[in-house]
Amino acid sequence: MTKTDEKESKDTQWPLWEVFTQPRDGKPHEHAGNVHAPDAEMALENARDVYARRKEAVNIWVVPSDQIVASKGEDAGPFFDPADDKPYRHPQFYSVPRVSKRRK
Amino acid sequence: MSTQTKTLTKKEALFEYLVRLADDRLILGHRLSEWCGHGPILEEDIALANVALDYIGHAASLYEYAVEIEGEDRHRDDLVYFRNDVEFKNLKLTELPKGDFGFTIARQFLFASFSYFLYTELSEVEDEQFAGMVKKHLKEVKYHLRHSREWVLRLGDGTEESHERIQDSIDDVWTYVGELFYQDEVDEILQEHNLAADTETFKEEWKELVVDTLEEATLEVPDFDQFMVEGSRQGLHTEHLGHLLAEMQHLRRSYPDGNWQ
Amino acid sequence: MSKESKAQEFQERIDNGETIEPKDWMPERYQKQLIRMMSQHAHSEVVGMLPEGNWITRAPSLRRKMILLSKVQDEAGHGLYLYSATETLGASRQEVLDDLLNGRAKYSSIFNYPTLSWADVAVIGWLVDGAAIINQTMLARSSYGPYSRAMVRICKEESFHKKQGYEMVAQMADGTPEQQEMIQDAVDRWWWPTLMMFGPHDEDSPNSAELIKWGVKSKTNDELRQSFVDRHVQEAHAVGLEIPDPDLEYNEETEHWEFGEIDWDEFWNVVRGNGPMNKERMKTRREAHENGKWVRKAAEEYARKQRLQKEKAS
């Protein structure tokens with residue numbers, strides 16, 4: 001340990017981590033919020049204690065917040081609008097004969 | 001070892017055993033709950049409250065089963081609020097004041113690691129209700145071990161100050177850990193019926209876990225053969241328990257006729 | 001695009017009921033007001049742990065002990081969600097905590113009153129959480145996405161907070177004479193401070209109009225206060241408790257309970273730091289922060305060493 005290390009004197013609330021929880025087996029992970037933690041193991045533990053207090057999760061991901069890359073709000077148009085003119089990507093585009101389900 | 005317990009029936013022994021387990025968890029849960037609102041960081045405040053809640057919850061189920069076994073129509077709260085110091089059978093380890101975060105973690109690790117082995121054994125007892133309860137709690141006990149072990153590593157191998165603090169706490173608390181393995185007639189009677197764990201069977205494994213963890217944390221392991229205090233299971237406590245109980249019980253005892261559920 | 005037209009476009013988005021997200025353009029003042037409001041809200045949750053936390057070790061039954069502990073723990077969680085949401089506006093937890101600990105930031109004045117008896121725990125759940133729910137249900141529709149999402153989560157978790165309080169209030173009101181006296185005394189002490197939680201009258205609340213314009217709030221302080229009174233007077237009467245307000249009267253025409261004037265001198269006094277517990281609450285928070293410093297540092301130092309080791313190994 002070096003006394004001259006700048007980090008030694010600085011008090012912080014630890015780095016920020018984004019938390020993703022899987023609510024049930026087979027479901028995708030969803031963003032739950034974030035926690036502060038000094039490292040990955042603590043981030044997992046803190047996420048469990050904060051976001052699964054009521055058994056809301058069967059699995060948790062944690063990611064350092066500064067590792068998340070997001071598209072900008074201003075990009076919303078150019079980024080996503082092109083999908084607008086591809087109606088064939090949506091099931092409503094197709095008409096098929098209706099087959100009624102027969103119940104036993 | 002005491003001779004008066006020789007005459008215990010199986011039922012009485014089981015009652016006593018459950019109460020000992022419950023008292024440990026209630027009192028330690030009480031100490032941990034004192035951190036609520038005072039933790040070193042918000043995340044850890046929440047984590048400690050979780051552990052406290054687990055312990056108090058475990059105690060509640062154990063007391064409930066104890067009064068059911070006893071069959072005298074007592075409520076679990078009667079055991080919590082209307083027994084005096086010497087009737088409490090918790091280990092002295094659990095009643096010591098919460099101290100700083102280092103002390104809390106040191107005690108927490110030693111107790112949680114012991115509980116992990118104990119509960120693993122107890123989940124096999126030949127009593128469906130008891131074993132079922134233990135199995136349910138074991139999941140949480142495993143987490144308590146993980147949480148406290150990770151903190152021992154961080155404090156031990158963190159800064160000079162944290163290293164010193166947790167080492168001092170380990171040294172201070174050491175004299176109280178021998179009692180974790182205390183056994184008497186209560187245990188013997190129940191062991192005959194496979195209703196209790198034999199702590200001797202996992203003592204070496206526990207030591208190994210403790211030694212490995214402390215060494216990984218760059219901490220010195222105190223002498224396992226040093227003087228160890230005794231007497232908790234006979235109701236001989238430190239002076240701290242009286243104050244804890246005075247605080248815990250005063251309201252309920254001041255108004256015993258009220259409905260407080 | 002000019003600032004004015006950006007501001008105009010922003011206002012249109014708000015008026016259309018759109019949600020503003022962290023990366024979106026927003027007026028500086030919108031951001032500032034939100035940071036102020038959200039961090040105050042976060043501080044309130046954390047300082048709010050103390051008055052009830054005061055009774056955890058003395059709770060009169062195991063059931064009540066577990067309920068109280070989990071409720072106070074929830075408040076820590078809610079503080080955490082709110083600090084997180086505030087961080088999306090570029091205000092780190094470190095910064096906003098510093099503001100609190102140095103006395104620059106405010107928190108809800110209600111927590112500057114002491115909990116003198118167990119009945120206070122019941123009444124806080126019933127009245128204080130009852131007031132919080134009314135406020136938070138509105139904020140769950142706030143225009144700022146992270147704030148509104150935090151509120152939705154908080155409202156969901158808090159649904160039991162008021163209920164456990166009212167259950168206990170009802171039990172005590174129906175209990176022994178001592179319990180009845182204890183619970184009425186607590187109502188007498190907490191009623192007025194709870195009404196103050198909604199803030200000054202609309203005409204004395206300069207921030208209100210702006211926050212409503214921006215869709216952060218959708219109701220005024222007085223409107224919120226009125227719906228609180230209407231609901232809680234009925235609940236008090238249902239269990240035979242008296243509200244300590246001689247002017248309380250039901251108006252058949254408006255279908256609202258009319259109530260007396262709040263002691264605004266007391267309100268401003270407590271806001272300025274001269275409440276019965278202001279100094280102690282802050283001292284407690286500062287102590288927890290100071291005592292935690294070596295712990296936070298140790299964990300960071302350990303993480304740093306581990307990283308170094310990993311780098312060396314690879």
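Residues numbered from 1 in each chain as written. Chains lettered and ligands numbered in written order. Predicted model: local features only at pLDDT ≥ 70, side-chain atom pairs only at ≥ 80, totals over all residues. Heavy atoms only, no water.

Caption draft 1: The arrangement of the interface of chain C and chain B in detail. Taken together, the contacts link 45 residues of chain C with 50 residues of chain B. Of the roughly 4,200 Å² buried between chain C and chain B, counting both surfaces, carbon and sulfur atoms make up 69%. When the buried surface of chain C facing chain B is broken down by residue, C:Leu62, C:Trp294 and C:Tyr302 rank first, second and third, together holding 19% of it. We note a salt bridge from B:Glu43 to C:Arg93, for which the minimum N-O separation is 2.7 Å. (Contact = heavy atoms within 4.5 Å. Buried area = accessible area lost by both parts, 1.4 Å probe. Salt bridge = Lys/Arg side-chain N within 4 Å of Asp/Glu carboxyl O.)

Caption draft 2: Spatial organisation of the interface of chain B and chain A. If you look at the interface, chain B gives 14 residues, while chain A gives 17 residues. The three residues of chain B that bury the most area against chain A are B:Ile41, B:Glu43 and B:Tyr143, which together make up 37% of that side's buried surface. Linking chain B with chain A are three salt bridges. Two residues, A:Glu41 and B:Arg146, come together in a salt bridge whose shortest N-O distance is 2.8 Å. For the pair chain B and chain A, the number of links is six residue pairs in polar contact (both at pLDDT 80 or more). (Polar contact = N/O pair within 3.5 Å; in protein donor to acceptor, adjacent residues only side chain to side chain.)

Caption draft 3: Expanded view of the sheet that holds strand β3 (residues 59–64) of chain A. Residue and element names in this part refer to chain A. Pairing within the open sheet is antiparallel, and its three strands lie in the order β2-β1-β3. Across the chains shown, the open sheet's two edge strands, defined by having one partner strand only, are β2 (30–36) and β3. For this sheet, the mean inter-axis angle between neighbouring strands, taken without regard to orientation, is 30°. One ladder, built from six bridges, connects strand β1 (residues 16–22) with β3; its direction is antiparallel. Looking at the pairing, Trp-17 lines up with Pro-64 of β3. Packing of helix α1 (residues 40–51) onto the sheet brings it into contact with β1, β2 and β3, and relative to β2 it is tilted by some 115°. (Pairing = 2+ DSSP bridges. Helix = DSSP H or I, 4+ residues; strand = E, 2+ residues; numbered from the N terminus. Axes fitted to C-alpha atoms, helices over the stretch in contact; angles between N-to-C directions.)

Caption draft 4: Structural context of the nonpolar core. Of all hydrophobic cores here, the largest spans 196 residues; its most connected members are B:Tyr17, B:Leu122, B:Phe130, C:Tyr30, C:Trp118 and C:Tyr147. Ranked by residue count, the leading element in this core is helix α2 (residues 42–70) of chain B, at 17 residues. Once you skip the residues sitting within four places of it in the chain, B:Tyr17 turns out to touch B:Leu118, B:Leu122, B:Phe130, B:Val186, B:Asp187, B:Leu190, B:Leu195, B:Ala196 and B:Ala197. (Core = buried A, V, L, I, M, F, W, Y, C linked by side-chain atoms within 4.5 Å. Buried < 20%, exposed > 50% of the residue type's maximum accessible area, 1.4 Å probe, protein only.)

Caption draft 5: Layout of the environment of C:Pro246. Residues and elements named next belong to chain C. By the element assignment, Pro-246 lies in the loop between α10 (221–238) and β1 (249–251). Taking the relative accessible area as the measure of exposure, Pro-246 reaches 80% and is therefore exposed. When the C-alpha atoms of Pro-246 and Gly-260 are compared, they prove to be 7.4 Å apart, with 14 residues separating the residues in sequence.

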